[in-house]
Amino acid sequence: MSKKIFIGPFEIAGYYSNLTKGFREIGLDVDFITYNEHPFDYGGETSNPVLIRLAKYFNHFKENSNLPFVISLIVSLPAIPLKAIWVIWAIVNYDVFIFGFGRSLLRKNLDLPILKWLGKTVIV
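Keep in mind the model is a prediction, meaning the values are calculated, not measured.

Calculation rules
For every chain, the first residue of the written sequence is number 1, and numbering continues from 1 along that sequence. Since the coordinates come from a predicted model, pLDDT governs what is reported: local features require at least 70, and pairs of side-chain atoms require 80 or more to be given and counted, while whole-chain, interface and lining totals use all residues. Where side-chain values are given, they derive from all heavy atoms of the structure, hydrogens and water being excluded. The term salt bridge refers to a pairing of a side-chain nitrogen on Lys or Arg with a carboxyl oxygen on Asp or Glu at a separation within 4 Å. Helix and strand definitions here come from DSSP, where helices need a minimum of 4 consecutive H or I residues and strands a minimum of 2 consecutive E residues; each element is numbered from the N-terminal end. Think of it in three bands: with a 1.4 Å probe and only protein chains considered, a residue is buried below 20% of the maximum accessible area for its type, exposed above 50%, and partly exposed in between. What qualifies as a polar contact is a pair of N or O atoms within 3.5 Å, subject to a donor-acceptor requirement within protein and to the restriction that residues adjacent in sequence count only when both atoms come from side chains. Residue contacts follow a heavy-atom distance rule, with two residues in contact if any of their heavy atoms lie within 4.5 Å. Any two strands are treated as partners once DSSP identifies two or more bridges connecting them. Assignment of crossover handedness uses the view with strands pointing away from the viewer, where a clockwise path from the first strand over the helix to the second indicates a right-handed crossover. Fitted lines through C-alpha atoms give the axes, limited to the stretch in contact for helices. The angle between two N-to-C directions lies from 0 to 180 degrees. The cut-offs work like this: below 35 degrees is roughly parallel, past 145 is roughly antiparallel, 65 to 115 is roughly perpendicular, and the gaps in between are oblique. When the near helix sits turned anticlockwise from the far one by under a right angle, the crossing is termed left-handed; a clockwise turn instead gives a right-handed crossing. Each residue gets one of three labels, nonpolar for Ala, Val, Leu, Ile, Met, Phe, Trp, Tyr, Cys and Pro, charged for Asp, Glu, Lys and Arg, and polar for the others, Gly among them.

A. Local environment of the pattern of salt bridges. The full count for this structure, using the stated rule, is three salt bridges. The closest approach of N and O atoms between lysine 4 and aspartate 29, which form a salt bridge, is 3.2 Å. With lysine 4 in strand β1 (residues 4–7) and aspartate 29 in strand β2 (residues 29–32), the pair connects residues that are 25 residues apart, well separated along the chain. As a salt-bridge pair, aspartate 31 and arginine 24 come within 3.5 Å of each other at their nearest N and O atoms. Classification of aspartate 31 as buried rests on a relative accessible area of 11%. Beyond isolated ion pairs, a larger network of salt bridges with shared partners links Lys4, Arg24, Asp29 and Asp31.

Next up, the structure:
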């Protein structure tokens, strides 16, 4: 049984999209998923889960809105539970996690002790 690999949730200079491409070429089961659109649009994401798409939609109001700060913050609140549900799903379904730029699935890397406790392989 091959291990399922997660790469993400951020892109740096096209590195992770190319890493994903290389892993796929040698037959590994890998998903590259990002939380935000990259300003240089490197692309290469292999998966765009529904929960992450919805979280991006709600976060869009906070980041690119002419709404007052408090209202944009309230409108973006549904992104938090959507992302949390997806993080739980990812922790259960992936065996190897490759993170970059000092960022993992949760803010302040709160998921790293959980991943270690569950015996997941983490590469940072």
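From this point, things continue past the structure.
B. Focus on the side chain of serine 104. With respect to the secondary-structure elements, serine 104 resides in the loop between β3 (96–98) and α5 (112–117). Taking relative accessible area as the criterion, serine 104 reaches 4% and is therefore assigned buried. Looking at serine 104, its side chain comes within polar contact range of the side chain of aspartate 111, at 2.5 Å. Setting aside chain neighbours within four positions, we find serine 104 in contact with Pro9, Phe10, Phe99, Asn109, Asp111 and Leu112.

C. Geometry of the pairing of β2. Across four bridges, β1 lies against β2 in parallel orientation. Paired with phenylalanine 6 across the bridge in β2 is aspartate 31. Once you follow β1 into helix α1 (residues 15–25) and on to β2, the crossover reads as right-handed.

D. Geometry of the packing of helix α2 (residues 50–63) against helix α4 (residues 79–93). Put simply, α2 and α4 touch, their axes get as near as 8 Å, and they point 155° apart. With respect to α4, the axis of α2 lies roughly antiparallel. The interaxial crossing formed by α2 with α4 has left-handed handedness. Contact with α2, carried on its side by Leu51, Ile52, Leu54, Ala55, Phe58 and Asn59, involves Ala79, Leu82, Ile85 and Trp86 of α4 and no other residues of that element. A per-class count over the contact of α2 with α4 returns nine nonpolar, one polar and no charged.

Don't take any of this as a statement about function, it's just geometry.
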